[in-house]
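Spelled out from the first residue to the last, the chains are:
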Amino acid sequence: MMDADSFTRYVASFVEELVSSGVEKVVISPGSRSTPLAILMAEHPSLTCYINIDERSAGFFALGIAKSQNKPVALLCTSGTAAANYYPAIVEAHYARVPLVVLTADRPHELRDVGAPQAIDQLHMYRNYAKWFVDLALPEENQSMFRYAKTIAARAVGTATANPAGVVHLNFPFREPLVPNTSLPDLWTKLDNRGTYLHMAKSNSLISNEELDSISHLLNRHSNGVIICGEHENDNIASEILALANHLKFPILADPLSQLRAGKFNPHFVVESYDSLLRDSEIQKVLKPTVVIRFGAMPVSKPIMQMLKNNPDIIQIVVDNSGVYRDPTLNASYFITCDEVIFCKELINKIEQKPINAYYQAWHEANHIFWKRIDEELQQTTEMFEGKVVKELQTYLPSDSNLVVGNSMPIRDVDTFFGHTDKDIKLFANRGASGIDGVVSTALGISVEQTNPTYLLIGDLSFYHDLNGLLAAKMNQLNIVILLINNDGGGIFSFLPQSKEEKHFETLYGTPIGLDFSKVVNMYHGHYTKTESWEDFRVSLLESQTKKGLQVIEIPTDRSTRVKVHRDLLEIVSREIRSVLKNYEG
């Protein structure tokens, strides 16, 4: 049996290398079997620990931290169903390419599959959602085991952060006694005088000259092109895409999560209204491109997806450094595995700068008319309408802030109504699996770095799904403003064919829950405000900027009128755009 001191050094070796490899933060869900890791992580001077009792919320909380900082975050829980509760966040992290190192404690091998309490089969429990899984060896009393622990830690971080970033799952079988000896001298001593025991180098994919020539010849033949930019993991890509758009004179259809709708740059080539424009068949006929260059994930917009899916003659060039195939249209003509920044720079050097043509002008004019008329129409709107909430946020949110957007209708409203702003507002959403669970916890994870204020725009059903997540704000003294759109049910279904099934619609899809959210906000020591008018909303939003802690501003809206208001508004705008674009037909 391993003595307590050697056992402590084994676990400490793992924790030390985790930190040396780049992990700065860990989210811990308390439990007994994970005691050795939890105590030594809390002891490490360079590791920040966050306690999150509910494992499902903890998983999304860790995901939010990793997403906002673009750094790996560790996630620790005890054995049994605790680990199963991480599953939704792990699925999201996998598809959203967020680096998480998941550490699950386990019973030793002799207590598996024998009816021991709190023992389930944890081997490969996350299956293909984990990039790498290791069921670690039981600790032994020899120096090689310390090296083994360090090597596993370094490989875990390196694998989680390598392109595409994702989840690594390490399963730790521990025998009792579980409490480490934290009084050992030189607990964090480096082995073999190495700063980092194992350095995992990262690499970038380059485009070959042959591929570059092929793409260059193609783009020289086509001038009616667009760049589509979805959510991406590369912080340096925005400026390069803007430069490429200027060189090719291709408009950029910029998803809200592309980070190309906000910031101090020339937005001349950015089109934010494409979702509404492409819904109209007459407008789409004029604006349909012959060639598309796509960066990042497929955008939120359904009309973009349908246009690309229904028109296989459009030449699609998908650029993705990870080499992981992402084209749900199944019509891509080129799939380029290359660093996106390098791709843009090489293409600019290869192709002569193009002049502005009538196709680009059509996009630019349609986008200009859309925002001019939308602003005019929304100024006259007195009803508490979700689209106007988004426009008001754009006006009143401070610069250098984070806006986290819930799934279902909020992200679609942001896609439609969030135009360009000079403010440095960074937008986040869980669009990997696009679920409505865990959004509150993700937003709180994003709020951890409190240099920038964090706001969350969320619907009532999604808010209800993650009420447990609010505890993290209280326990970790986090500041967040939650803008709660309450239409008492699932608003997105009113836009779908199910809305015609009147007999069962409210029960199966509308799902009104009729909750008084003020009580749960008070339970978590938050500040709650309910707005009844636009003036109330503006005052509450501005006052929230001077307060600390958890704040919830509820905005009641009418689900029964939502669809008509939305569609009537877009029809008014589209009618004028159709008239103007007749000059560009043919």
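Cut-offs and rules
- Residues numbered from 1 in each chain as written.
- Predicted model: local features only at pLDDT ≥ 70, side-chain atom pairs only at ≥ 80, totals over all residues.
- Heavy atoms only, no water.
- Pairing = 2+ DSSP bridges.
- Helix = DSSP H or I, 4+ residues; strand = E, 2+ residues; numbered from the N terminus.
- Axes fitted to C-alpha atoms, helices over the stretch in contact; angles between N-to-C directions.
- Contact = heavy atoms within 4.5 Å.
- Phe/Tyr/Trp six-rings, centres within 6.5 Å; stacked < 30°, edge-to-face > 60°.
- Buried < 20%, exposed > 50% of the residue type's maximum accessible area, 1.4 Å probe, protein only.
- Polar contact = N/O pair within 3.5 Å; in protein donor to acceptor, adjacent residues only side chain to side chain.
- Parallel < 35°, antiparallel > 145°, perpendicular 65-115°, else oblique.
- Left-handed = near helix turned anticlockwise from the far one by under 90°.
- Nonpolar A, V, L, I, M, F, W, Y, C, P; charged D, E, K, R; others polar.

Trainee: Mind showing me how you'd approach the sheet that holds strand β15 (residues 454–459) here?
Mentor: Picture the strands of a sheet paired through backbone hydrogen bonds; they go either parallel or antiparallel. Spatially, the 6 strands line up as an open sheet ordered β14-β13-β15-β16-β18-β17, and their pairing is parallel. Bordering the open sheet on either side are β14 (425–428) and β17 (527–530), each of which pairs with just one other strand. When the angles between neighbouring strand axes are averaged without regard to direction, this sheet yields 20°. Bridge count between β17 and strand β18 (residues 550–556): 4 bridges; the pairing is parallel. Its bridge partner being in β18, Tyr528 is matched across the sheet by Val552. Contacting β13 (401–405), β14, β15 and β16 (480–486), helix α16 (residues 439–446) runs over the sheet at an angle of about 170° to β15.

Trainee: Any chance you could explain the packing of aromatic side chains here in plain terms?
Mentor: Given two aromatic rings, one states the distance between the centres and the angle between the planes to describe the pair. Considering all chains together, one arrives at 14 aromatic pairs under this definition. Judged by centre distance (5.3 Å) and plane angle (40°), the ring pair of Tyr325 and Phe335 falls under tilted. One end of the pair, Tyr325, is in the loop between β11 (315–319) and β12 (334–336); the other, Phe335, is in strand β12, with 10 residues separating them in the sequence. Classification of Phe335 by relative accessible area gives partly exposed; the value is 25%. The interplanar angle of 85° and the centroid separation of 5.7 Å between the aromatic rings of Phe385 and Phe417 together place this pair among those described as edge-to-face. Separated by 32 residues along the polypeptide, Phe385 in the loop between α13 (358–379) and α14 (386–396) and Phe417 in helix α15 (residues 409–417) bring together distant segments of the chain. For Phe417, a relative accessible area of 0% translates into the label buried.

Trainee: Which parts of the structure should I look at to understand the side chain of Arg97?
Mentor: Among the secondary structure elements, Arg97 is positioned in the loop between α5 (87–96) and β4 (100–106). What makes Arg97 buried here is its relative accessible area of 6%. For Arg97, the side chain forms a polar contact with the side chain of Asp320, separated by 3.1 Å. Not counting residues up to four positions away in its chain, the partners in contact with Arg97 are Pro164, Ala165, Glu233, Asp320, Ser322, Val324 and Arg326.

Trainee: How do you make sense of the sheet that holds strand β5 (residues 130–135) when you look at a structure like this?
Mentor: The sheet built from 6 strands is open, its strands ordered β2-β1-β3-β4-β6-β5 with parallel pairing. Edge positions in the sheet fall to β2 (48–51) and β5, since each has one partner strand and no second. Neighbour-to-neighbour, the strand axes of this sheet turn through a mean angle of 20°, independent of strand direction. As judged from the 5 bridges shared by strand β3 (residues 73–77) and β4, these two strands associate in the parallel manner. From the neighbouring strand, Cys77 faces β4, where its bridge partner is Thr104. The strands touched by helix α3 (residues 55–69) within the sheet are β1 (25–28), β2, β3 and β4, with β3 carrying the most contacts at an inclination of about 170°. Contacts from helix α6 (residues 143–161) reach β4, β5 and β6 (167–173), with the element oriented near 165° to β5.

Trainee: How should the packing of helix α1 (residues 4–20) against α6 be read in this particular structure?
Mentor: To describe two helices that pack against each other, one gives the angle between their axes and the distance between the axes. At a minimum axis distance of 8 Å, the contact between α1 and α6 shows a crossing angle of 25°. With respect to α6, the axis of α1 lies roughly parallel. As for the relative orientation of α1 and α6, their crossing is right-handed in sense. Across from Ser6, Arg9, Tyr10, Ser13, Phe14, Glu16, Glu17 and Leu18 in α1, the residues of α6 making contact are Met145, Phe146, Tyr148, Ala149, Lys150, Ile152, Ala153, Ala154 and Val157. Taken together, the residues of the contact of α1 with α6 sort by class into 11 nonpolar, 2 polar and 4 charged.

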